[in-house]
Amino acid sequence: MDKLHCGIITLLRSGVTGEILRLPEEFDMDAAYDMLARHHVLALAYMGAIRCGVNKDLPAMRKLFQGYCRYMFKSEAQMTAVNKLCAEFNAAGIEYMTLKGCNL
């Protein structure tokens, strides 16, 4: 496995587990950004990069942070919509159970 893929896996692992991990030497965050964006894991990678000690002033980190913020705004909007829908179901006496999506 090359340094790019190894570094991406390290970022994601750190983001998921909260572990402080060491990135491969000469890991290129700019090159990783495109792949992270394509797979929609910018927020998770940002959290992992913070834990791994990546400098927040790097251009790629600023782009990751913007992706993280977009994810958080979208997540909040989805949760607001789910909560409103659940409240309407409750008010109407409709039994329901959320199974997927932002509720997970």
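Structure first, text after, so check above.
Just so you know, these numbers come straight off a predicted model, no measurement behind them. (Residues numbered from 1 in each chain as written. Predicted model: local features only at pLDDT ≥ 70, side-chain atom pairs only at ≥ 80, totals over all residues. Heavy atoms only, no water.)

S.K.: Explanation requested: the packing of aromatic side chains in the structure shown.
M.R.: For any two aromatic rings, the description comes down to two numbers: the centre-to-centre distance and the angle of the planes. Inspection of every chain in the model, using the stated rule, returns four aromatic pairs. Between the aromatic rings of Tyr46 and Phe65, the centroid separation amounts to 5.4 Å while the plane-to-plane angle is 55 degrees, which identifies the pairing as tilted. Taken together, the positions of Tyr46 in helix H3 (residues 42-51) and Phe65 in helix H4 (residues 59-91) put the pair 19 residues apart, joining distant regions of the chain. Accessibility expressed as a relative area gives 38% for Phe65, which makes it partly exposed. Taking the centre distance of 5.3 Å and the plane angle of 40 degrees together, the rings of Phe89 and Tyr96 count as tilted. Assessed through its relative accessible area of 26%, Phe89 is described here as partly exposed. Residue Tyr96 is classed as partly exposed on the basis of its relative accessible area, which comes to 34%. An aromatic cluster is built from Tyr46, Phe65 and Tyr68, whose rings are joined through pairwise contacts. (Phe/Tyr/Trp six-rings, centres within 6.5 Å; stacked < 30°, edge-to-face > 60°. Helix = DSSP H or I, 4+ residues; strand = E, 2+ residues; numbered from the N terminus. Buried < 20%, exposed > 50% of the residue type's maximum accessible area, 1.4 Å probe, protein only.)

S.K.: How do you make sense of the pattern of salt bridges when you look at a structure like this?
M.R.: When the charged atoms of two side chains with opposite charge come close together, those side chains can pair. Applying the stated criterion across every chain yields a total of two salt bridges. Note that Arg13 and Glu19 form a salt bridge whose closest N and O atoms lie 3.2 Å from each other. In this structure, the salt-bridge partner of Arg22 is Glu25, at a minimum N-O distance of 2.7 Å. For the pair formed by Arg22 and Glu25, the shared burial category is exposed. (Salt bridge = Lys/Arg side-chain N within 4 Å of Asp/Glu carboxyl O.)

S.K.: What am I meant to see in helix H1 (residues 3-17) here?
M.R.: An α-helical segment advances 3.6 residues per turn. Residues three or four places apart therefore align on the same side. Compared with an ideal rise of 1.5 Å per residue, which puts 15 residues at 21 Å, H1 spans 21 Å between its outermost C-alpha atoms and is within 8% of the ideal. Buried within H1 we find Gly7, Ile8, Thr10, Leu11, Ser14 and Gly15. With its buried residues spanning 160 degrees around the axis, H1 presents them on a single face. Looking at the buried side of H1, the elements it contacts are helix H2 (29-38) and H3. A positive phi of about 85 degrees marks Gly18, the residue just after H1. (Expected span 1.5 Å × (residues − 1). Arc of directions from axis to C-beta. Contact = heavy atoms within 4.5 Å.)

S.K.: What is the right way to look at unusual backbone geometry in this model?
M.R.: Peptide bonds are, in most cases, trans, and in most cases residues other than glycine have a negative phi. Positive phi is not limited to glycine here, since Glu26 has a value of about 60 degrees. Along the chain, the position of Glu26 falls in the loop between H1 and H2.

Don't take any of this as a statement about function, it's just geometry.
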